[in-house]
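Inside the fold
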Amino acid sequence: MQSAAVTAWHDTLSDIKELVGEVRFNLWFRRTRALCSKEAAFEVGVPSVFSAEWLDNHYRDVITCTLSEKLGRAVAIRFVVDPGLFREEREKQGRSDTDLIRQAGAPENIEKSDPVRYSLDNFVVGPCNSVAYWACVKVAQNPATAYNPLFIHGGVGLGKTHLLRAVAGAVRGGEQSGDIEYISAESFTNQFLFALRNNKMHAFHRRYRNCRILVIDDVHFLASKQGTQEEFLNTYKAVSRHGGQIIMASDSHPKLIGKLKDELVTRFLAGMVVKIEKPDFNTRLEIVRRKAAERSLALADATAEFVARNVSGSVRELEGAVNTIAWYAAMSCAPVGVSMAGRILDGLIESQCLPVRLAGIDELVTRYAGLAEGDLRGKRRTRPVSRARHLAMYLARELGSYSYSEIGAYFGGRNHSSVLSAVRKVEELIDTDEAFSVDVAALKSQFGS
Ligand code: ADP
Ligand code: MG
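What comes next concerns the included structure. (Residues numbered from 1 in each chain as written. Chains lettered and ligands numbered in written order. Predicted model: local features only at pLDDT ≥ 70, side-chain atom pairs only at ≥ 80, totals over all residues. Heavy atoms only, no water.)

**Details of the overall build of the protein chain**
- Across its full length, the protein chain carries 22 helices and 8 strands.
- Evaluated residue by residue, the protein chain yields a buried proportion of 51% over its 449 residues.
- Here the analysis covers contacts within the protein chain between residues at least 6 apart in sequence; of these, 73% occur between residues at least 24 apart.
- Surface exposure of the protein chain reaches about 20,800 Å², of which carbon and sulfur atoms provide 51%. (Helix = DSSP H or I, 4+ residues; strand = E, 2+ residues; numbered from the N terminus. Buried < 20%, exposed > 50% of the residue type's maximum accessible area, 1.4 Å probe, protein only. Contact = heavy atoms within 4.5 Å. Areas by Shrake-Rupley, 256 points an atom, 1.4 Å probe, with all protein chains shown as cover.)

Here it is in structure tokens:
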């Protein structure tokens, strides 16, 4: 590695440290290094795929600008997982291999706006996200006609960024391309502050105020940032004035972001506001199948179902689970069965928060009893529903280390003593009804017990 490139990277880091502050610097920049600089390409080594993605999404432009200036020539940055940094991170954290593989993802490089990774075609549509999906399709086909602005909100890892990038990619690749900007609110903030400090506001305005489609991700980041909100409002007005389309995503509804100018909230509410929910079992299963196919991973139905049932949080977690299994399958050159998948994903399943594992029991018993999703958590007390609910409570008690109150709270807000009596009833039934006891054993085996 040439010393000029190392020095330029070092200088870039000190500028960025000043810009983003100590905390964010330590989090994202401290463990990076210049790897390779050849003509216009500059590779930066990072400890994990996760940090590569983060830097790419939030800091690419600022890093590119600063580094190009230091080097005296324009460069295109690539973030690459560096094996040395990856190992250091492992030693420091004393984590298990499984943890680390999961955290690092399958070692691969990250390219910006990867059209293969984020497309409307490879987005799995289910009841949880179909409204958001179709709104995006419509906007991609005919920007600035309906749904302007389009505001998508929902929890972490549920596909907001995927949809936003896919729309930007679809418009870029279509007939109406030109003047499209995808940017995270954090990156917008960083660029704005950078432009202010370096007398580059003119270029900043030109870039964002003139665009025909402005896609801005994670707008909740703007909360409490008065100066950037003001700038964003002006950008917003300018884009609207010349008939541009605005698409946004956030972790919460515009009204709930808080510490956001009223004028911004009103504008966000003026178009279409749509929520993405967590995927249900069938959507999760389809996601697992598609992600496995994308990685050329042959997954038996039972294994795919096991993953979909037990990893019931976000799509990102599901994707992590499939990546981890693909990694093991490639290393061991053998297909991964249910029990192996169980062992591989042990940490992941355990690390999920309480409601998630209870949700797994909920899903399984609902399907076993042929009920509708939500029945077990609801108020209905018809015989089949009550029986299934008792069974779910029993399994929760047997398989998880939940207290009676936690179980009761999850299954429709029931109290300690009704859970206790449900568990007793099921125990009695197991003793007296052989068919039922066989079913219970089968259900338990689905959770590896
Ligand atoms: P968010 O922005 O809501 O936090 P992302 O869009 O980053 O979530 O999604 C996390 C990961 O899950 C990404 O790799 C994305 O491609 C994938 N993903 C999310 N939803 C879907 C879906 N419905 N179909 C396919 N992949 C999805
Ligand atoms: Mg996102």
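Moving on, there is more to tell.
**Overview of the pattern of salt bridges**
- This structure, assessed with the given rule, holds 21 salt bridges.
- The partner of Glu 230 in a salt bridge is Lys 261, and the shortest N-O contact between them spans 2.9 Å. Within this pair, whereas Glu 230 is found in helix α11 (residues 226-241), its partner Lys 261 is found in the loop between α12 (254-257) and α13 (262-269), the two being separated by 31 residues in sequence.
- Among the salt bridges present, the one from Glu 286 reaches Arg 290, with a minimum N-O distance of 3.2 Å. Here Arg 290 and Glu 286 lie together in helix α14 (residues 281-294), a separation of 4 residues that amounts to about one turn. (Salt bridge = Lys/Arg side-chain N within 4 Å of Asp/Glu carboxyl O.)

**Some thoughts on the packing of helix α19 (residues 383-399) against helix α21 (residues 416-432)**
- Between α19 and α21, the least distance of the axes is 8 Å, while the angle of their chain directions is 95°. Looking at the two axes, α19 sits roughly perpendicular to α21. In contact with Arg 387, His 390, Leu 391, Met 393, Tyr 394 and Arg 397 of α19, α21 contributes Val 419, Ala 422, Val 423, Lys 425, Val 426, Glu 427, Leu 429 and Ile 430.
- Of the residues assigned to the contact of α19 with α21, the class counts are 9 nonpolar, 1 polar and 4 charged. (Axes fitted to C-alpha atoms, helices over the stretch in contact; angles between N-to-C directions. Parallel < 35°, antiparallel > 145°, perpendicular 65-115°, else oblique. Nonpolar A, V, L, I, M, F, W, Y, C, P; charged D, E, K, R; others polar.)

**Focus on the nonpolar core**
- In this structure, Val 365, Leu 376, Leu 391, Tyr 394, Leu 395, Ile 407 and Phe 411 are the most contacted members of the largest nonpolar core, which totals 28 residues.
- Taken together, the elements giving at least two residues each to this core come down to α18 (354-368), α19, α20 (404-410), α21 and α22 (434-445).
- At 9 residues, α19 tops the list of elements feeding residues into this core.
- Ile 407 has contacts with Met 393, Ala 396, Arg 397, Tyr 402 and Val 419, leaving out every residue within four places of it along the chain. (Core = buried A, V, L, I, M, F, W, Y, C linked by side-chain atoms within 4.5 Å.)

**Section: the packing of aromatic side chains**
- Tallying each qualifying case throughout the model produces 15 aromatic pairs.
- Between Phe 29 and Tyr 59, the ring centres sit 4.9 Å apart and the planes meet at 80°, which makes this aromatic pair edge-to-face. One end of the pair, Phe 29, is in the loop between α2 (22-28) and β1 (33-38); the other, Tyr 59, is in the loop between α3 (49-58) and α4 (60-71), with 30 residues separating them in the sequence.
- Between Phe 188 and Tyr 208, the ring centres sit 5.6 Å apart and the planes meet at 65°, which makes this aromatic pair edge-to-face. Of this pair, Phe 188 sits in helix α9 (residues 185-197) while Tyr 208 is found in helix α10 (residues 201-209), placing the two residues 20 residues apart along the sequence. Considered together, Phe 188 and Tyr 208 belong to a single accessibility category, that of buried residues.
- Site record: aromatic cluster; members linked through ring pairs are Phe 151, Phe 188, Phe 192, Phe 204, Tyr 208, Phe 232, Tyr 236 and Phe 268.
- Over the aromatic face of Phe 221 sits the side chain of Lys 225, whose NZ or CZ is 4.1 Å from the ring centroid.
- Seen from the ring of Tyr 404, Arg 397 lies directly overhead, with NZ or CZ sitting 4.1 Å from the centre. (Phe/Tyr/Trp six-rings, centres within 6.5 Å; stacked < 30°, edge-to-face > 60°. Lys NZ or Arg CZ within 6 Å of the ring centre and 35° of its normal.)

**A short note on the site of ligand 1**
- Neighbouring ligand 1 are 18 residues, the closest being Gly 157, Lys 160, His 162, Lys 291 and Glu 319.
- Backbone polar atom of Leu 158 to an oxygen atom of ligand 1: 3.1 Å apart, as the coordinates give it.
- Residue composition of the shell around ligand 1, grouped by class: 6 nonpolar, 7 polar and 5 charged. (Near = heavy atom within 4 Å. Polar contact = N/O pair within 3.5 Å; in protein donor to acceptor, adjacent residues only side chain to side chain.)

**What to know about α10**
- Met 201, Phe 204 and Tyr 208 are the residues of α10 that are buried. For α10, the buried positions fall inside an angular range of 60° around the axis, keeping them on one side.
- Turning to α10, the residues buried within the fold contact β5 (180-184), α9, β6 (213-217) and α11. (Arc of directions from axis to C-beta.)

**Quick look at the pairing of strand β2 (residues 41-46)**
- Here 5 bridges tie β1 to β2, and the two strands are oriented antiparallel to one another. Within β2, the residue paired with Ala 34 across the bridge is Val 44. (Pairing = 2+ DSSP bridges.)

**Quick word on the sheet that holds strand β4 (residues 150-154)**
- Here 5 strands make up an open sheet; going across it, the order is β5-β6-β7-β4-β8 and the pairing parallel. Both outer strands of the open sheet, β5 and β8 (272-276), are each paired with one neighbouring strand and no more. Direction aside, neighbouring strands of the sheet carry axes that sit 15° apart on average.
- Sheet topology note: the β4/strand β7 (residues 245-250) ladder contains 4 bridges and is parallel. Each bridged residue has a counterpart across the sheet, and for Ile 152 the counterpart in β7 is Ala 249.

**Observations concerning the environment of Ala 8**
- On the secondary structure map, Ala 8 appears in helix α1 (residues 3-20).
- Considering only alpha carbons, one finds Ala 8 and Lys 70, 62 residues apart in sequence, at a separation of 5.4 Å.
- Once you skip the residues sitting within four places of it in the chain, Ala 8 turns out to touch Leu 67, Lys 70 and Leu 71.

**Let's talk about the sheet that holds strand β3 (residues 76-81)**
- Taken together, the 3 strands give an open sheet; going across it, the order is β1-β2-β3, and neighbouring strands pair in mixed fashion. The sheet is open, and its two edges are formed by β1 and β3, each paired on a single side. Across the sheet, the mean angle from the axis of one strand to that of its neighbour is 25°, orientation sign disregarded.
- Of the strands in this sheet, β1 and β2 are in contact with α1, which crosses β1 at around 130°.
- Taken strand by strand, α3 contacts β2 and β3, and its axis lies near 160° from that of β3.

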